[in-house]
Every structure is written in C-alpha cells, then in structure tokens.
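# Results of the structural survey
Now for the letters of each chain:
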Amino acid sequence: MDKNDSVINKLPEAFLERMKLQLGSQYDAFAASYDRERAYGLRYNPLKTDRESFLREMPFSLRAVPWAEEGFYYQASDQPGRHVLHEAGAYYIQEPSAMAVVPLLDPQPGERILDLCAAPGGKSTQIAGRMQGRGLLVSNEVIPSRARILSQNIERMGVANCVVCRESPDRIAAAFPAFFDRVLVDAPCSGEGMFRKDDTAIAEWSPENVAMCAARQADILEQAAMAVRPGGTLVYSTCTFSREENEEVIGRFLDGHPEFSMQEDDMRRLWPHLTEGEGHFAAKLYRKEAAEGIPERRGKKPSQIPRSAVTREQCEAFFQGELGITAEGIGYLMKERVLFEFGEALYLMPEQMIPLKGLQVERPGLQTGFLEKDRIRPSHALAMALRPEYTTRCYDMTEDEAARYLHGETLTVSAGLKGWYLLSCRGFSMGFGKASGGQMKNHYPKGLRRRQ
Ligand code: SAM
C-alpha cells in the first residue's frame with residue numbers, strides 16, 4: 001500500500017495524540033497495524049449445524065479465530081455474503097474481535113439473558129447459538145429501524161427462544177427488575193475500532209464526542225445493572241480504544257456499586273496490533289448474591305400471559321399433519337413455550353417471558369404462522385428454526401435451485417409432491433414451498449428476495 005493511502009493519514013490528530021499517550025512504546029506497532037489488510041470473520045451457526053459439518057460443507061478457506069470456538073477468518077475473495085447459505089443462516093458475518101465478548105458472557109442453555117443494545121444482532125445470534133434454543137433471550141434495540149434489522153437476523157439464524165424489544169434502557173430496567181441471569185451491554189461508542197472500515201466513525205470523532213459517549217455509557221450501565229439478578233453477571237463492551245469509554249466507565253460504576261465486583265482477568269482488551277482483528281474492550285462484573293435492598297427476581301404470572309384462539313392441540317396437529325414435523329421437532333419448538341397471538345400472527349413465546357403489556361415489542365418470540373380463516377399459513381421464521389431432520393416433508397434443493405428460490409422463482413418438482421414442504425440446501429433450511437401439479441410454489445418472503 002502507498003503510504004499516502006494509509007488510513008492513519010485520515011485520522012484526527014487529537015486521536016493519534018491520545019493513542020500515543022495511552023500506548024506509549026506500543027504506539028508505533030499500533031500505527032503500523034493500519035497498513036495491514038483487514039481481517040474478515042464469520043461464525044457458524046450451532047443452531048443449524050456443528051463445526052465439523054460446517055467445515056465440510058463450506059467452500060471457503062477458513063482459519064479458526066482463537067477466542068471464539070464458532071469463529072473463523074475468511075478471505076475477502078470468498079464473498080460469503082453472496083453465497084446462498086448466508087440466507088439460510090448457516091453463518092453470520094462478524095468482525096473477529098467482536099466475537100470475544102460472548103465467550104466472556106458465557107451464556108448457558110435455559111438461562112434468562114438480556115442483550116440491551118443488540119442491533120444488528122451479532123452478539124445476540126452468538127448468544128442464541130450457545131443457548132441451544134433453551135431459556136429466554138431478550139434482545140433489545142432502542143432505534144426502531146435497527147430493531148427491525150435485528151429481528152430479521154434473529155429470524156435468519158433460526159433463533160426460537162428470543163423476544164425482540166425496542167425500548168430505552170430505563171424502561172427495560174423498570175420492566176425486568178433483578179430478572180436476568182446475564183446481561184450484555186454492547187454500548188454505543190465513539191467507534192475508534194471501526195476507523196478502518198467506516199469513514200463516518202472518523203468524521204464523527206472528537207474529544208467532545210468521546211466524553212458524550214462515556215456519559216451515555218455510564219447511564220446505560222446504570223440501567224442494565226438493575227436488570228441483573230443477585231448472583232448474576234453483567235458484561236460491558238465497546239469497539240473503541242479510549243480509557244474514558246472503557247476502564248473509566250467501569251471504574252466509576254464499581255465505585256458507586258459495592259454490590260458488584262470484578263476479577264482482574266475479567267477485563268479484556270483486544271488490540272489490532274496484537275491480534276488479528278479491529279480491537280474490542282470487554283469487562284465482566286458479578287452481582288453479589290441477594291442482599292438487603294435488592295428486589296426479588298420477578299417471576300412470571302401465567303394468568304397474565306395472553307393466549308391464542310388456536311389451542312396447543314390444534315397447533316400440534318398442524319405441525320404434524322401439514323408440515324410433517326416429528327415428535328422431537330414439536331418438542332423442540334413447543335416445550336417451555338406459550339402459544340400467543342400478536343397482530344395477525346401466531347407466536348411461540350418462551351414461557352419465562354414477562355407479560356408484554358406496556359412494552360414495545362418487535363417480535364414476541366418465534367413467529368410460527370398466520371391465521372387465515374380456518375387455516376394456518378406457516379411463517380418463514382418457522383422454516384428457519386426448523387432443522388430438516390425435524391420434518392418428514394423436506395425437499396433438499398440443489399444450489400442452483402436454491403439460488404432460483406431466493407429470487408422468488410417457482411421450481412419444477414416431481415408430480416407426486418403435494419402440500420407444504422420445508423425447502424433446504426445442503427441440509428440448511430431456507431423457507432417453505434407448497435407443491436402441487438409438479439410445481440413448487442415459492443413462499444420465500446417478497447421483502448427478502450434477491451434482486452440480482
Ligand atoms: N451488539 C450489536 C451487535 O453485536 O451486533 C452492536 C451494538 S452497537 C455497538 C450499539 C447499539 O446501541 C446500536 O444498535 C445503537 O442503535 C444502540 N443505541 C444507541 N443509543 C442508545 C441508547 N441511548 N441506549 C441504548 N442503546 C443505544
């Protein structure tokens with residue numbers, strides 16, 4: 001690269017001066033890292049495959065990311081975003097150092113977990129992969145347009161146990177006092193770790209903006225802390241380098257909150273000059289077991305959860321009769337879930353969720369179908385959460401058919417096929433189709449169809 005083209009030449013002088021002070025003798029290595037090629041990363045989706053099968057199926061040249069077992073580096077020429085299996089939710093494209101936060105959070109199946117600043121969903125979908133469809137994940141994003149994108153990514157990755165909210169942190173704190181086992185705050189920040197790929201982050205950087213971000217981060221962390229149950233954990237992360245937005249936010253929070261503590265090796269930094277990635281900060285805090293003044297964990301009150309006109313038995317009959325879903329598949333989809341009507345659609349909501357009244361909810365769980373007169377039309381989200389082995393009615397497409405399916409084309413199939421089919425490619429679900437007279441009618445959502 002010509003030295004004049006280096007990103008470092010575009011960076012504000014005040015930022016570079018701060019980094020010199022912060023990094024001391026490491027500054028030259030940090031500055032030189034801007035001349036290296038960016039590292040590209042993706043994470044395979046454990047809800048849809050396992051590591052070995054993924055490596056066997058993918059036509060990319062992958063190398064393991066050391067700090068996340070689901071993570072791989074790929075080469076830019078692989079273009080995984082254009083492959084049909086991206087739409088199948090086989091993997092999620094994510095900056096490699098951003099993958100370090102969820103292993104620190106360490107989510108477990110069956111827990112209650114909150115991702116407070118979740119869009120577009122990189123960390124939420126990684127959390128969901130580790131929860132294996134069990135427990136409750138609340139993914140929240142305050143900006144409505146971003147909450148919609150978050151919801152689409154949750155759907156593409158086939159997450160069955162996630163409620164997507166679009167609330168401010170203070171309203172989440174009020175609705176879920178001392179409720180969650182683990183809370184993640186991936187805070188909005190000045191984005192110093194984004195400078196190599198995002199010119200806007202460079203243009204918006206100023207010392208005043210860093211100070212504004214730090215104040216906002218402190219506010220968000222205050223609210224997030226209220227949602228952590230006694231004995232639970234809180235992880236705070238950013239993709240920025242300044243101490244002001246990282247160590248200092250954590251330090252002030254701990255000074256004001258004796259009920260939280262941190263172990264020394266639970267504060268982590270990934271630096272672009274020391275690792276292959278753009279850099280990240282993460283810290284894990286522990287809330288002490290119940291002490292005076294900490295509200296009890298709020299339990300659900302089943303009688304307050306609205307139900308649906310469709311009974312569980314009717315839903316099961318539809319799953320089994322029309323979609324060929326096996327008993328194991330029905331268990332995976334329905335166990336510990338409440339059937340729930342929201343708008344014109346039917347959802348399966350994790351039963352650990354609190355009543356929705358008063359909350360801005362983008363998606364109250366797994367959308368399973370739309371109620372149409374006396375029948376149910378299966379929803380795309382259901383297909384994405386349904387592994388092919390959970391149904392006897394699956395049609396595995398060739399890659400060419402899958403590409404045509406993503407464009408909205410009708411497929412020609414054997415005349416013997418009739419009714420709903422889960423359409424998959426290389427064993428990854430992609431959506432539903434309805435067969436009759438040798439044609440597979442395309443039910444891939446119009447808004448998601450590829451245009452070229
Ligand atoms: N966790 C996400 C992921 O891994 O894909 C990235 C989150 S991004 C760093 C921070 C998010 O916080 C953005 O989606 C932004 O819209 C949201 N945000 C902005 N202002 C906020 C505020 N005042 N309170 C809470 N969230 C806010």
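As the structure is a computational prediction, the values presented were derived from the model and not from experiment.

## Details of the nonpolar core
The nonpolar side chains of a soluble globular protein tend to be buried with one another. Residues Ile-127, Phe-319, Leu-323 and Leu-333 are the most contacted members of the largest nonpolar core, which totals 47 residues. Residues contacting Phe-319, with those up to four places away along its chain left out, are Gly-324, Ile-325, Ile-330, Leu-333, Met-334, Leu-348, Thr-368 and Leu-382. The next biggest cluster of nonpolar side chains, apart from the first, holds 38 residues, and it includes Cys-117, Ala-187, Ile-220 and Phe-253.

## Re the confidence of the model for the protein chain
Per-residue confidence for the protein chain gives a mean pLDDT of 94; residues scoring 70 or more make up 95%. Predicted confidence is poor over residues 300-304, with pLDDT under 50, and the contacts of this stretch with residues over four places away or in other chains come to 6 contacts.

## Some words on the site of the ligand
Taken together, 17 residues lie around the ligand, and Ala-119, Gly-122, Glu-141, Arg-146 and Asp-186 are the ones closest in. In this structure, Pro-120 approaches the ligand through a main-chain N or O atom, which is 3.4 Å from an oxygen atom. Between an oxygen atom of the ligand and a main-chain N or O atom of Gly-121, the distance comes to 3.2 Å. About the coverage of the ligand: the protein hides 82% of its 600 Å² of free accessible area. Taken together, the residues of the shell around the ligand break down into 10 nonpolar, 2 polar and 5 charged.

## Topic: the sheet that holds strand 21 (residues 428-436)
Across the sheet, 5 strands lie side by side as 18-20-21-22-19; this open sheet has mixed pairing. A strand with exactly one partner marks an edge of an open sheet, and here the two such strands are strand 18 (394-397) and strand 19 (411-412). For strand 19 and strand 22 (residues 439-442), the ladder comprises 2 bridges, and the chain directions are antiparallel. Bridged to Thr-412 within strand 22 is Gln-439. Together, strand 18, strand 19, strand 20 (419-425), strand 21 and strand 22 form the strand contacts of helix 15 (residues 399-406), whose direction differs from that of strand 18 by roughly 105°.

## Quick notes on the sheet that holds strand 16 (residues 366-372)
Strand pairing within a sheet occurs via backbone hydrogen bonds; the two strands may be parallel or antiparallel. With antiparallel pairing, 4 strands are arranged side by side in an open sheet as 13-14-16-17. Where the open sheet ends on each side, the last strands, each with one partner, are strand 13 (337-342) and strand 17 (375-378). Shown here is a sheet whose adjacent strand axes are inclined to one another by a mean of 35°, direction ignored. The pairing of strand 13 with strand 14 (residues 345-350) spans 6 bridges and is classified as antiparallel. Looking at the pairing, Val-338 lines up with Met-349 of strand 14. Contacts from helix 12 (residues 312-321) reach strand 13, strand 14, strand 16 and strand 17 within the one sheet, and its direction differs from that of strand 13 by about 95°. Against the sheet, helix 13 (residues 327-334) makes contact with strand 13, strand 14 and strand 16, and its axis sits at roughly 70° relative to strand 13, the strand it touches most.

Conventions and cut-offs
Every residue gets a number counted from 1 within its own chain, in the order that chain's sequence is written. Thresholds applied to this predicted model are a pLDDT of at least 70 for local features of residues and 80 or more for the giving and counting of side-chain atom pairs; totals over whole chains, interfaces and linings are not thresholded and use all residues. Where side-chain values are given, they derive from all heavy atoms of the structure, hydrogens and water being excluded. Only buried Ala, Val, Leu, Ile, Met, Phe, Trp, Tyr and Cys residues count toward a nonpolar core, and they belong to the same one when joined by side-chain atoms within 4.5 Å. Here the term buried applies to any residue with accessible area under 20% of the maximum for its type, exposed to any over 50%, and partly exposed to those in between, with areas from a 1.4 Å probe on protein chains only. The contact criterion used throughout is that any non-hydrogen atoms of two residues lie within 4.5 Å. pLDDT is a per-residue confidence score from the predictor, ranging from 0 to 100. Throughout, the term near means that a residue has one or more heavy atoms lying within 4 Å of the molecule or strand in question. Pairs of N or O atoms are called polar contacts if they sit within 3.5 Å, as long as, within protein, a hydrogen donor faces a hydrogen acceptor (for residues adjacent in sequence, only side-chain-to-side-chain pairs). For every accessible area listed, the method is Shrake-Rupley and the probe measures 1.4 Å; residues are considered covered only by the protein chains on display. Asp, Glu, Lys and Arg are counted as charged, while Ala, Val, Leu, Ile, Met, Phe, Trp, Tyr, Cys and Pro are counted as nonpolar; the rest, among them Gly, fall into the polar class. Note on pairing: two strands pair once DSSP finds at least 2 bridges between them. Segments assigned H or I by DSSP are reported as helices when at least four residues long, segments assigned E as strands when at least two residues long, and all are numbered from the N terminus. Interaxial angle, 0 to 180 degrees, is taken between N-to-C directions of lines fitted to C-alpha atoms, where a helix line uses only the stretch in contact.

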